[in-house]
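Fold and geometry: a report
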Amino acid sequence: MTLMINKDSAVLQGAFLLADKLCHPSSLSSLLKADWSRVGNPVLEAVREISRQDKLSAHPTTTSAGWIKKVVCVVWLKLLCRETGEDVEMAWRENPFFPLQNGLPEVNHVVLLEMVKSMAAAQTFASFLSYLPHSQICTELERLVQHVRSSPTREDDARLFLEVWWELWKGPDEEKVGGEDSMETMFARQVAHLSSKSSNLSPQAAKRLKLDPSDLPSPTTDVLYILFQALKDIKDHISTTDLCLQALSVSLDALYTTFLIDQAVILPPKERIHVLSKVVSIRERNDEKLSPELIREAQRDLRASHTPSQFQPSRMQLGEAFKIITDLAQFWQSSGLVKACDSTNPSYSAFKLEQSVQRVLTALQKAEVPETTDKDILRGLLESLALPATESSPEVNARVTAIIISHRLDDYQSFAVLFACEQSWAACEDHWMDCLEKNQAAFQQCDTLIRLTSTLMSKLHSDSANVSHCRKLMKVIADIFSALSLEDKNKALAAMLRLSSRGFFGCSVPSAVAEGFEQELNMAFNCIIQGGGGASTAVSQGNLNTAVSLVARVAFQNPEAAVKSCCHSAIFNKGAFSLMAKILQQLPGLRGQREKQKEAQNDEEERKEAEECVGEGKDAVSGSGLFCRCLQEIIKTRSLSANEKEQFLKCMGLLMMPVMTVEGEERRQSFVPPQEVVNMFVLPNLSTMGQSSFDTELSLQLLHTALSVESDLSPHWVLDSSPFPLLYVLSQLHNQILRCWEQPAEGTVHHWSMETKELLVSVLTMLGQVVGAEVAAAPSSWSRALFWLYNKMEELDWTVRFHLKPVWGEHFKNEVPSSLLTVCDLPEQTWTGLDLPQYGQGTGLLAWMECCSISDSLQSTMLSHLSLDQRRVDHVSMFSKGLLVALTQTLPWCSISQWTRLLRVLRELIISGRLHVPFSLEYVEYLPLLDLRRFSCELRLSVLLLRVLQLLCGSSCSHWLPVDGWAHIGRLYAHAVRDMMNSVRAKLPLPSSGALTVSASMSPKTPASRDANPSCTSIKSPKMSRETQKAEDSALKSKESQMEEEEEMETVPCQEVLFVLSQLFCHVQHIQVMMPGGQCEPLFLSSLEILSHYEAIMAAFPHSSNPLESDNTRHFFSTITDNLESPEMKAVLQQKIAQLVSSAA
């Protein structure tokens, strides 16, 4: 940036030229101090004119300050350029100040310093001075001192010296300095440029530039030494109390910051604001107006007084400096300058001196400096001031802080925290609220926001709460919160929860305030639900962010109310559970994390309480999070429908999944820890004695979901949820479910289903694996609990223990009924028999079948150790009959997974020849010439199941089961039929649609094109009639078609599949007619599935059945279906049969 010549610059240059003329016969380059008053007026007038200021003062306007800075900079650089002998040819290109600087006459340092004094530009001079190299600073200070001491020395010279000293100590004003293009930066750059040029000068040029001896700087480079010596030299010229006190204050602060502190002393914001308020109060009494500039300067003074000096002494010692100060104090005291202050009009200089003396005395005491006369002199000085106590009122404190915040003065964010929490300041409602509303950005920190929240809560809970003011403040706080980043919002939410789970409404508040919040809460959730929180699971990121912000805003005001609304929406609004889970996962601050130091204690308490809950059926709420408490409260007050339970489970499953909510987190976290869910909703409700509105099946589903969540905790969280009592209770429940078809005792609440049994087995297995892994890792720690649990198992069914095999490990043998050992060769090292009354002689296969159904590993063991001599026909026959009876006894109590295992066992036994199932032709008059070997297993298995169902439906067994039990039998048999159908499908897959199209196009019913058989066309006689040609073509095609059919019949077992399907259909119909009620829907659906596949086979392979066979099949199927009791089922099946035959024809 180059300074361009304009009208103002010309005015300034003209003023300097006029001043130079007024010096005639001399010039400004040799001006004496005494002559400035005679020649300097044109320059000062010019500065006043171009800065549009009537009078040059210590508080210039921005324009005035800019021109004063420019004038000082240009004049000083002109002096430095003359000293270094700057080349004009280079200067006009490199020096940005050249146009203005070159138009000025030659000047000396008297002009510069007198101009600084006259324009009250000590701060500007000190600012430029601080940009010089250290040695140059010392040189310029020596020149200043020499100028001050030179005749005539007046009081304003001493004032200039003290002001430059203190401004130098404060350092450059960063706000006024600016950036790279600032005047100070350009000055520093030019000085550096001149210094480098000077160092490169030849010896001859250096001789030409030799300064006068009077201008040579002192060899010392100790800034403090120069200043203290100068103060001592000009003590006689300080003739007013104010200047005397200023000199003592500045020198004491210089001593303190140079010798007594080695790092900045950080005062608390409250202490700083008290000091600043006192400064303001004193200055206002001296007719100074409160302004941001006044406070900023007071802050700079305060900071400089507590920051180590940048000028380290090389010559001056603490004792020497201290001695100079005390000597000066005594001198001025004896001169009557140090005296008691006027209580009605206290002096700012006296206040500063008091602060300085107290700082020094405190520092000396901390440093344990021995008592000396000098310290006594300082104490005497302090007492002699007799400063009146200056108290800062809350109003002044609030006003000063508001200005600091509004104008973003130094450390305004710390003052914002103070402003937010001072109750006495908040009493100035209008002024306080006005500052908050206009400066919300200054309060956008978590700590500040929480302090502000505490202030609001105090107002709300006071007897004389101003409702309008409180509502306005609540809105301001909510707006400030809404402007935070998501990470800071979560921090603020966590802090609010530590403060109160009900936020602003922790105690009773005015109804108008509560109503306003209720409206905002309802509006927020209505917007969320209507904007995408319904059945649609696809929510855009923008909508999700909006929803998160809305929930966070109301949650900060009342976390409990917001979380309750989330819970309510997740359960009762169809499809909203997914969005609510996503929202809550974005707000981990609502998890309500416990304080670290209380975690261990709370965990122990929760473990004890959980154990009590398991035994007594109590609710576990201690230590639980806000979400779970709200959820439990909702569930207690309303019974849930099946759909609502499903939404509840899905929402909990999502919230238990660990997610990375905030970037930079050490690990993923669940919004609701699985341990908390188990302790809150599972343990209290699984008690056999507990009467809870929360049903057991839902508890088991929750436990299953919790155990399914991956955990990287070590040890596993399950260990804090009473794992062994929990395993025992689950085992008790399993023991009860084993008798689910028995008539329940009078007064029994629970009705168990096979689905519950399936779920319970899965939960037992998962929990057993987790606990087993922990036991294996530290067996000695768990030995007592392990033996306790094993002994407890004695009162339960023997099969229950096998579900806890991972827990037992190798500590115990497998205990089974003794009868099992008669049919199975099991090693004595790991197996032992139990004498159980219900397992007498001949029940070995029953126990064997039960073992096969428990687990895959146990099934494999049973099959591999089965004791059966296949070479003896009587053994195989006896085994087959016994297995039929055992299967009949086992079937009704099997869950789907157990039944699947048993079907696998039956297949294995049939295929291996160990199980003999004679296949009789009960539904056919004659056996067609078919190869049924590949379908032997399916046919035998179907016959075996028919025999089992015939036994079950017989008069001796039909009373075993209630209606629900027979329905379960129907579902199990339908599952087996589906399994056999899948096996049949695998052996003859249906061709694709493309294959079907080709087959149809090549069938005899589709006329071939004339080019289809080139051999025929080649021998065709042109004299042959058209009718004869057609007859020959037809004969050829019939022959080809017959050959294709014979080949297809030989390679594709389509007729065999139809036969197998007809047998399966007959078996299913037979069983449906036999079963009590005769209206088993699963069997009806199985019949429809068989008929549909029958139809698909006939369509895919048209020659698998001729018209006569199709007609016989229709008649046969219809005859069997006529036996069904349900007219609706009968009508549907017969319609399907009719369609089946029609499509084949």
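Quick caveat: nothing in here was measured; it's all calculated off a predicted structure.

Re the overall build of the protein
What the protein contains, in helices and strands, is 54 helices and two strands. A buried classification covers 49% of the 1145 residues belonging to the protein. Partitioning the intrachain contacts of the protein with sequence separation of at least 6 by distance along the chain shows that 78% fall at a separation of at least 24. Of the accessible surface of the protein, which amounts to about 53400 Å², a share of 52% is contributed by carbon and sulfur atoms.

Let's talk about the pattern of salt bridges
This model, assessed by the stated rule, comprises 47 salt bridges. Close ionic contact of E114 with K117 constitutes a salt bridge, the shortest N to O distance being 3.0 Å. With a gap of three residues between them, E114 and K117 both fall in helix α7 (residues 109-118), about one helical turn apart. Side by side, E114 and K117 carry an identical accessibility label, which is buried. Residue R907 is joined to D979 by a salt bridge in which the shortest nitrogen-to-oxygen separation is 3.4 Å. Remark: D979 occurs in helix α47 (residues 963-987) and R907 occurs in helix α45 (residues 896-911); sequence separation between them is 72 residues.

Let's talk about the packing of aromatic side chains
For the structure shown, the criterion picks out 26 aromatic pairs. On the basis of an interplanar angle of 50° and a centroid distance of 6.0 Å, the ring pair of F419 and F443 is categorised as tilted. Placement of the pair is F419 in helix α22 (residues 412-421) and F443 in the loop between α24 (429-438) and α25 (446-460), with a sequence separation of 24 residues. Owing to a relative accessible area of 0%, F443 belongs among the buried residues under this scheme. Joined through ring pairs, the aromatic side chains of W76, F125, F128 and F187 make up one cluster. One cation-aromatic arrangement involves K235 over F331; the distance from NZ or CZ to the ring centre is 4.7 Å. For R801, the ring lying beneath its charged end belongs to Y790, and the centroid distance is 4.1 Å.

Things to note about the environment of T241
Among the secondary structure elements, T241 is positioned in helix α15 (residues 241-260). By relative accessible area, which is 22% here, T241 ends up partly exposed. Separated by 94 residues in sequence, T241 and S335 place their C-alpha atoms 10.0 Å apart.

Topic: the packing of helix α18 (residues 318-334) against helix α20 (residues 373-385)
Contact geometry of α18 with α20 gives a least axis separation of 10 Å together with a crossing angle of 40°. As the angle between them shows, α18 and α20 are arranged oblique. Relative to α20, α18 is oriented so that their crossing is left-handed. Contacts from F322, K323, T326, A329, Q330 and Q333 of α18 reach α20 at D374, K375, I377, L378, G380, L381 and S384. Here the contact of α18 with α20 is composed, by residue class, of five nonpolar, five polar and three charged.

Here's the deal with the confidence of the model for the protein
The predicted coordinates should not be examined in detail at positions where pLDDT is low. Overall, the prediction assigns the protein a mean pLDDT of 83, with 83% of residues at 70 or greater. Every residue in residues 993-1028 is under pLDDT 50, and counting partners more than four places away or in other chains gives 16 contacts.

Structural notes on the nonpolar core
L730 and W848 are the most contacted members of the largest nonpolar core, which totals 243 residues. Setting aside its immediate chain neighbours within four residues, L730 contacts L686, L700, L703, L760, V763, L764 and L767.

A closer look at the environment of E1128
Counting through the fold element by element, E1128 comes out in helix α54 (residues 1127-1144). Sequence spacing of E1128 and Q1079 is 49 residues, and the spatial spacing of their C-alpha atoms is 9.8 Å. In this structure the side chain of E1128 is engaged in a polar contact, spanning 3.3 Å, whose partner is the side chain of S1126.

As for the state of the cysteines
Within this structure, the stated rule accounts for zero disulfides. Here C957 is not disulfide-linked; the sulfur of C953 is the nearest cysteine sulfur, at 9.2 Å. Judged by its relative accessible area of 10%, C957 falls in the buried class.

About the criteria used
Residues numbered from 1 in each chain as written. Predicted model: local features only at pLDDT ≥ 70, side-chain atom pairs only at ≥ 80, totals over all residues. Heavy atoms only, no water. Helix = DSSP H or I, 4+ residues; strand = E, 2+ residues; numbered from the N terminus. Buried < 20%, exposed > 50% of the residue type's maximum accessible area, 1.4 Å probe, protein only. Contact = heavy atoms within 4.5 Å. Areas by Shrake-Rupley, 256 points an atom, 1.4 Å probe, with all protein chains shown as cover. Salt bridge = Lys/Arg side-chain N within 4 Å of Asp/Glu carboxyl O. Phe/Tyr/Trp six-rings, centres within 6.5 Å; stacked < 30°, edge-to-face > 60°. Lys NZ or Arg CZ within 6 Å of the ring centre and 35° of its normal. Axes fitted to C-alpha atoms, helices over the stretch in contact; angles between N-to-C directions. Parallel < 35°, antiparallel > 145°, perpendicular 65-115°, else oblique. Left-handed = near helix turned anticlockwise from the far one by under 90°. Nonpolar A, V, L, I, M, F, W, Y, C, P; charged D, E, K, R; others polar. pLDDT = per-residue confidence, 0-100. Core = buried A, V, L, I, M, F, W, Y, C linked by side-chain atoms within 4.5 Å. Polar contact = N/O pair within 3.5 Å; in protein donor to acceptor, adjacent residues only side chain to side chain. Disulfide = S-S within 2.5 Å.

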